[in-house]
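Structure at a glance
Read off the chains here:
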Amino acid sequence: MLRSYWMRILITADLHYNNPRSRRLADELIDEMRSTPAEVLLLIGDTAASAGDDLERCLSRFEGFAGPKLFVAGNHELWTRGEDSYRLWKEELPRRVKERGWRWLEEEPFVAGRWGIVGSVGWYDYSFAYESMGIPRRFYERKISPGAAAVVGMADLVEGFDDVPEPMKQVYARWNDGKFVKLGRSDEQFVVELEEKLERQLAGLKGVGSVLVAMHHLPFREMLPPPHTAQWDFVKAFLGAARLGETILKHENVKMVICGHTHLPMEGQVGGVRAINIGSGYRVKRYRVIELG
Ligand SMILES: [Fe+2]
Ligand SMILES: [Fe+2]
């Protein structure tokens, strides 16, 4: 019998395998995924932090899957106590992932028949921050809200507090990439590099009928969770970058974008693109089976 699809892909994100409680749920999810027939497997970031061998242990749980296994990093893979996150992303992680028999999708797009799949960690440049909150940029650059900066005594941020709207001085939030990710360049510079890379890869797939972009962070503002408390709205600055979405929309053959990172499931349409967030998190794990036609 003829099947109605070209390729079935098993996709998950945010397994967070180095977190003990998350690992138990991840193991259950992986068992379920292993019993689901599919041709391709795809992990879209935050599989595990890079320290130790949690990443390898997680990847090895998928051993025995017969088809191609595609890997995209998330921000948590770039967490490090002492090293250089940029080198981790550029050299160490690709090597470790490939040694386990996985494809580092960010460098090597996958093409099968009429579909192409490209990957990117994606990142943030604060373009998703709510301007209406009036929080000066220096707080986003240090990944700490005004209230929290005052509490931990970041004098250089808090001096000149006069430019911070009064209610925002009571916002206490911290994005932990600020402590554990060391890119050696600004977030914005990193996004520009990712954008150039994505553009090159999409240009290379011009002749391919349909393209799926697997990106850990969000490329579209439309994919953000709805407005919430000021604490939560502050961290939206770290969920994605609008310019990556603009690059995607320039390529009409991109039909689908799949993300993780927010830990909240979502599905919608942005222009001609079906936008999906897997919505796997620490307490609830999810995966999707996507049939590419
Ligand atoms: Fe995550
Ligand atoms: Fe993430």
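Residues numbered from 1 in each chain as written. Chains lettered and ligands numbered in written order. Predicted model: local features only at pLDDT ≥ 70, side-chain atom pairs only at ≥ 80, totals over all residues.

Some remarks on the overall build of the protein
What counts is decided by this rule: Strands are runs of DSSP state E lasting at least two residues, helices are runs of H or I lasting at least four, and both sets are numbered from the N terminus onward. In this treatment the radius of gyration is a C-alpha quantity, and the globule benchmark scales as 2.2 Å times the residue count to the 0.38 power. Note on burial: count the other C-beta atoms lying within 10 Å of the residue's C-beta; 20 or more is buried, 12 or fewer is exposed, in between is partly exposed, and C-beta positions come from the backbone. The contact criterion used is a C-beta to C-beta distance within 7 Å, with each C-beta placed from the backbone.
A count of helices and strands for the protein gives 10 helices and 11 strands. The C-alpha atoms of the protein give a radius of gyration of 19 Å, which matches the 19 Å a tight globule of 293 residues would have. Seen through its principal axes, the protein has C-alpha atoms that stretch 70 × 40 × 30 Å. Counting the 293 residues in the protein, one finds 42% classified as buried. Counting only contacts in the protein whose residues sit at least 6 apart along the sequence, the fraction spanning at least 24 positions is 75%.

Regarding the nonpolar core
Definition in use: We define the nonpolar core as any set of buried residues of the types Ala, Val, Leu, Ile, Met, Phe, Trp, Tyr and Cys, connected via C-beta atoms lying within 7 Å of each other.
Counting residues in hydrophobic clusters, the biggest one holds 75 residues, and the most contacted among them are Leu 42, Ile 44, Val 213, Ala 214 and Ile 258. Not counting residues within four places of it along the chain, the set of residues in contact with Ala 214 comprises Leu 42, Ile 44, Val 72, Leu 105, Ile 117, Gly 119 and Ile 258.

With respect to unusual backbone geometry
Both trends apply: most residues other than glycine have a negative phi, and most peptide bonds are in trans. One non-glycine residue, His 16, lies in the positive phi region at around 45°. One can find His 16 in the loop between β1 (7–12) and α1 (20–34).

Details of the sheet that holds strand β4 (residues 103–104)
Selection rule: Strands were regarded as paired on the criterion that DSSP finds at least two bridges between them.
An order of β4-β3-β2-β1-β11 is seen for the five strands of this open sheet, with the pairing classed as mixed. At either margin of the open sheet sits one strand with a lone partner, and together these are β4 and β11 (287–292). Sheet topology places strand β2 (residues 40–44) next to strand β3 (residues 69–72); four bridges connect them, and they run parallel. Of the residues in β3, the one forming a bridge with Leu 42 is Leu 70.

A few points about the pairing of strand β9 (residues 266–270)
Where burial is concerned, little of β9 is hidden: zero out of the five residues are buried. In textbook terms, the turn of a hairpin is the stretch between consecutive antiparallel strands, and for β9 and strand β10 (residues 273–277) this stretch comprises two residues, one of which, Gly 271, has a positive phi near 60°.

Things to note about the pairing of strand β6 (residues 115–120)
Counting buried residues in β6 gives six out of six residues, a clear majority hidden from the surface. Between strand β5 (residues 110–112) and the antiparallel strand that follows it, β6, lie two residues; Gly 113 among them carries a positive phi value of about 60°. Examined bridge by bridge, β6 and strand β7 (residues 210–215) share six bridges and lie parallel to one another. Considered in β7, the bridge of Val 118 is made with Val 213.

Description of the packing of helix α8 (residues 187–204) against helix α10 (residues 242–249)
Our working definition: In this description, a line fitted to the C-alpha atoms serves as the axis of each element, helices being fitted only across the stretch in contact, and the angle between N-to-C directions of two axes falls anywhere from 0 to 180 degrees. Orientation is classified from the angle alone, with under 35 degrees giving roughly parallel, over 145 giving roughly antiparallel, 65 to 115 giving roughly perpendicular, and any other angle giving oblique. Nonpolar residues are Ala, Val, Leu, Ile, Met, Phe, Trp, Tyr, Cys and Pro. Charged residues are Asp, Glu, Lys and Arg, and all others, Gly as well, are polar.
As a packed pair, α8 and α10 sit with axes 10 Å apart at the nearest point and diverge in direction by 10°. One finds that α8 runs roughly parallel with respect to α10. Contacts from Val 191, Leu 194, Glu 195, Leu 198 and Glu 199 in α8 reach Arg 243, Leu 244 and Thr 247 in α10. Tallied by class, residues from the contact of α8 with α10 come to four nonpolar, one polar and three charged.

Focus on the sheet that holds β9
Taken in spatial order, the six strands make up an open sheet running β5-β6-β7-β8-β10-β9, and their pairing is mixed. Two strands bound the open sheet, and with one partner strand each, they are β5 and β9. Averaged over all pairs of adjacent strands, the angle between strand axes in this sheet comes to 15°, irrespective of strand direction. Sheet analysis places β9 next to β10, joined by five bridges and oriented antiparallel. Bridge pairing in β10 links Gln 269 to Arg 274. Packed onto the sheet, α8 meets β6, β7 and β8 (254–259) and runs at close to 170° relative to β6.

Looking at α10
Convention followed: Along the arc lie the directions from the helix axis toward the C-beta atoms.
By the burial criterion, the buried members of α10 are Leu 244, Gly 245, Thr 247 and Ile 248. Down the axis, α10 shows its buried residues gathered within 155° of arc, on one side only. Tucked inside the fold, the buried residues of α10 contact α8, β7, β8 and β10.

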